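Summary of the model geometry
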Amino acid sequence: MESEASTPLLKKETPIVQSKPNNKDFLNHLEAYLAKRDGVDKLLKISRYATKIILASSALPETLTLNHRLKSFESSVGVSRKAFRLGKFVQDVNALRNSHFDSKEELALSLVAYGGEGLYFFVEQFVWLVKSGLIDKKHARSLGLISAWAELVGYLGSVSLKIRDLNRISEDEKRVKMSIEVAITRGIKCEEEKERLGKLIQKKLMKRLSVVQDLADALMAVADIRDGKGHFLGPLSVSIAGLLSALISTHKNWVSC
């Protein structure tokens, strides 16, 4: 679906200069990471889905006390994560307000992506109130379905936008590689271009990981809609998808802070 940078563009092997690593003090970096709402949320997500994998794999006997404790832990962490979504829909509203669109297609996809995610976060506040006991549990299924559908629609829009971004990055990468090839042929230094190429390669990797994360989360949304019925929608498959999404998001948040 994306245009790959083909190796024939370079007749010689071009050295790739990756962007310089961020040499922050580990504890200061950790403090900055944990100060973010998403940082704590994703650590909770890792612990929750790691627990769900253990439970879904039947690695522990049902009668074991630890099994019951893990079920209680997983349920409590799930409710805790809902609380982290309070007011989070505002970030999608602001993202739409502050965006500049190059085409009507990009505007439409952004409305789908941010609108779907924003509605998802908004409804999740009421799901949390149901889980907390403030709203009658009879509304749990209907609110859960609205939330899951909104989430799925948001991810479809998000993946479409990111594939467009990947195509743009690939085109930029091709142009930079051609520029480097010309510079090497003429014996001109091209350190800036090599550094830019390294950044583009790193950006493309992060964007691809983000697409994988969205697809994993979309799978979980489909499982919620279909109540876990269907191929690859069982507890173990969904838990693995959840853990994969959490690990990718944790890595992105760690790198960005």
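Check the entry above for the structure.
Now for a quick tour of the structure. Values in this document were obtained by computation on a predicted structure and should not be read as measured data.

1. Structural notes on a nonpolar patch on the surface
- On the surface, Leu119, Phe122, Phe126 and Ile146 cluster together into a nonpolar patch covering about 330 Å² of accessible area.
- With three residues, the top contributor of residues to the nonpolar patch is helix H5 (residues 104-132).
- A residue is classified by how much of its surface remains accessible, and Phe126, at 32% relative accessible area, is partly exposed.

2. Thoughts on the packing of aromatic side chains
- Following the criterion strictly, the structure yields five aromatic pairs and no others.
- Centre to centre, the rings of Phe26 and Trp254 are 5.8 Å apart; their planes meet at 45 degrees, and the pair counts as tilted. You can see Phe26 sitting in helix H1 (residues 26-34) and its partner Trp254 sitting in helix H8 (residues 235-256), a full 228 residues away along the chain.
- The exposure class of Trp254 is partly exposed, given its relative accessible area of 26%.
- Aromatic pair Phe122 and Phe126: ring centres 5.5 Å apart, planes at 70 degrees, arrangement edge-to-face. Of this pair, Phe122 and Phe126 both sit in helix H5, four residues apart, which is roughly one turn of the helix.
- A relative accessible area of 35% places Phe122 in the partly exposed class.
- Each residue in the set Phe26, Tyr33 and Trp254 is aromatic and connected to the rest through ring pairs, giving one cluster.
- Against the face of Tyr49 rests Arg48, its NZ or CZ located 5.5 Å from the ring centre.

3. Regarding the packing of H1 against H8
- It is at 9 Å that the axes of H1 and H8 come closest, and there the two elements cross at 115 degrees. By crossing handedness, the relation of H1 to H8 is classed as right-handed. Only Thr250, Asn253 and Trp254 of H8 make contact with H1, whose side of the interface consists of Phe26, His29, Leu30 and Tyr33.

4. Examining unusual backbone geometry
- Even without glycine at this site, Ser58 takes up a positive phi of about 55 degrees.
- In this structure, Ser58 sits in the loop between helix H2 (37-56) and helix H3 (65-83).
- Residue Ser58 is classed as exposed on the basis of its relative accessible area, which comes to 59%.
- Within the chain, Asp227 stands out as a residue other than glycine whose phi angle is a positive 55 degrees.
- Locating Asp227 in the fold gives a position in the loop between helix H7 (191-225) and H8.
- The class for Asp227 is exposed, based on a relative accessible area of 52%.

5. Considering the pattern of salt bridges
- Tallied over the full model, the rule gives 21 salt bridges.
- When the shortest N-O distance is used, the salt bridge between Asp38 and Lys88 registers 2.7 Å. Linking Asp38 in helix H2 with Lys88 in the loop between H3 and helix H4 (89-98), this pair joins segments that are 50 residues apart in sequence.
- Shared partners join several salt bridges into a network, and the residues in it are Asp102, Glu105, Glu106, Arg164, Asp165, Arg168 and Lys207.

6. A word on the environment of Leu156
- By secondary structure assignment, the location of Leu156 is in helix H6 (residues 140-185).
- What makes Leu156 exposed here is its relative accessible area of 54%.
- Sequence spacing of Leu156 and Leu109 is 47 residues, and the spatial spacing of their C-alpha atoms is 8.8 Å.

7. A few points about the packing of H3 against H5
- At a minimum axis separation of 9 Å, H3 and H5 run at an interaxial angle of 140 degrees. Here H5 runs oblique to H3, going by the angle between their axes. Remark: the crossing between H3 and H5 carries left-handed chirality. Here Val79, Lys82 and Ala83 of H3 come into contact with H5, specifically with Glu124, Val127, Trp128, Lys131 and Ser132.
- Residues of the contact of H3 with H5, tallied by class, amount to four nonpolar, one polar and three charged.

Reading the values: rules and limits
- Residues numbered from 1 in each chain as written.
- Predicted model: local features only at pLDDT ≥ 70, side-chain atom pairs only at ≥ 80, totals over all residues.
- Heavy atoms only, no water.
- Patch = residues over 30% accessible without salt bridge, like charges linked within 9 Å, V, L, I, M, F, W, Y side chains within 5 Å.
- Areas by Shrake-Rupley, 256 points an atom, 1.4 Å probe, with all protein chains shown as cover.
- Salt bridge = Lys/Arg side-chain N within 4 Å of Asp/Glu carboxyl O.
- Helix = DSSP H or I, 4+ residues; strand = E, 2+ residues; numbered from the N terminus.
- Buried < 20%, exposed > 50% of the residue type's maximum accessible area, 1.4 Å probe, protein only.
- Phe/Tyr/Trp six-rings, centres within 6.5 Å; stacked < 30°, edge-to-face > 60°.
- Lys NZ or Arg CZ within 6 Å of the ring centre and 35° of its normal.
- Axes fitted to C-alpha atoms, helices over the stretch in contact; angles between N-to-C directions.
- Left-handed = near helix turned anticlockwise from the far one by under 90°.
- Contact = heavy atoms within 4.5 Å.
- Parallel < 35°, antiparallel > 145°, perpendicular 65-115°, else oblique.
- Nonpolar A, V, L, I, M, F, W, Y, C, P; charged D, E, K, R; others polar.

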